Amino acid sequence: QVQLVESGGGLVQPGGSLRLSCAASGSIFSIYLMGWYRQAPGKQRELVARITSGGSTYYADSVKGRFTISRDNAKNTVYLQMNSLKPEDTAVYYCYAGGVVTATSRGNDYWGQGTQVIVSS
């Protein structure tokens, strides 16, 4: 069974920074895609950023130039460095792992439990 555990959320003032981490555990051979989604109250979950095992990245327009996604394949961990945070970044941030190959399955997707980010003065 694959589990994703996020950390690093919290309360930060506008203009501040936070770094989210997400570690995948289980009998994992490889993970093709890792990323972060977020869901604000009353809104749909949206893609924030994603990164392939080869290092190719994608960012939502709303976070380009402010957020940086990275990953450590050896540790099955993905990070999201969030700078110049705005109140509209307030949301629950969910970690995502796609195309996961384990000892007993391949191609499945997994989600973390979410971590709250609040940007407020």
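Residues numbered from 1 in each chain as written. Predicted model: local features only at pLDDT ≥ 70, side-chain atom pairs only at ≥ 80, totals over all residues. Heavy atoms only, no water.

J.: What exactly am I supposed to notice about unusual backbone geometry here?
T.: Leave glycine aside and you will find that most residues have negative phi; peptide bonds, for their part, are mostly trans. Even without a glycine there, the phi angle at Asn-76 is positive, about 50°. Here Asn-76 shows up in the loop between strand S7 (67-72) and strand S8 (77-82). Among the residues examined, Asn-76 registers a relative accessible area of 15% and is labelled buried. Of note in this structure, Ser-84 is not a glycine but carries a positive phi near 50°. Take Ser-84: it is sitting in the loop between S8 and strand S9 (91-102). (Helix = DSSP H or I, 4+ residues; strand = E, 2+ residues; numbered from the N terminus. Buried < 20%, exposed > 50% of the residue type's maximum accessible area, 1.4 Å probe, protein only.)

J.: In this structure, what is going on with the packing of aromatic side chains? I would like to understand it.
T.: Tallied over the entire structure, the rule returns three aromatic pairs. Measuring from ring centre to ring centre gives 5.8 Å for Tyr-37 and Tyr-96, while their planes differ by 70°; the resulting arrangement is edge-to-face. On the criterion of sequence distance, the pair formed by Tyr-37 in strand S4 (residues 28-39) and Tyr-96 in strand S9 is long-range, its members being 59 residues apart. The buried category is assigned to Tyr-96, whose relative accessible area is 13%. When the centroid spacing of 5.0 Å and the interplanar angle of 65° are considered together, the rings of Tyr-37 and Trp-111 count as edge-to-face. Taken as a pair, Tyr-37 in strand S4 and Trp-111 in strand S10 (residues 106-111) lie far apart in primary sequence, 74 residues in all. In textbook terms, an aromatic cluster arises when at least three aromatic residues are bridged by ring pairs, as seen for Tyr-37, Tyr-96 and Trp-111. (Phe/Tyr/Trp six-rings, centres within 6.5 Å; stacked < 30°, edge-to-face > 60°.)

J.: Just to check I follow, could you spell out the sheet that holds strand S3 (residues 18-25) for this structure?
T.: In a beta sheet, neighbouring strands are held together by backbone hydrogen bonds and run either parallel or antiparallel to one another. The strand order S1-S3-S8-S7 describes an open sheet built from four strands, whose pairing is antiparallel. Because the sheet does not close on itself, it has two edges, and the strands there are strand S1 (3-7) and S7. Within the sheet, the average angular offset between the axes of one strand and its neighbour, ignoring direction, is 15°. Relative to S8, S3 runs antiparallel, the two sharing six bridges. Residue pairing in the sheet places Ser-21 in a bridge with Tyr-79 of S8. (Pairing = 2+ DSSP bridges. Axes fitted to C-alpha atoms, helices over the stretch in contact; angles between N-to-C directions.)

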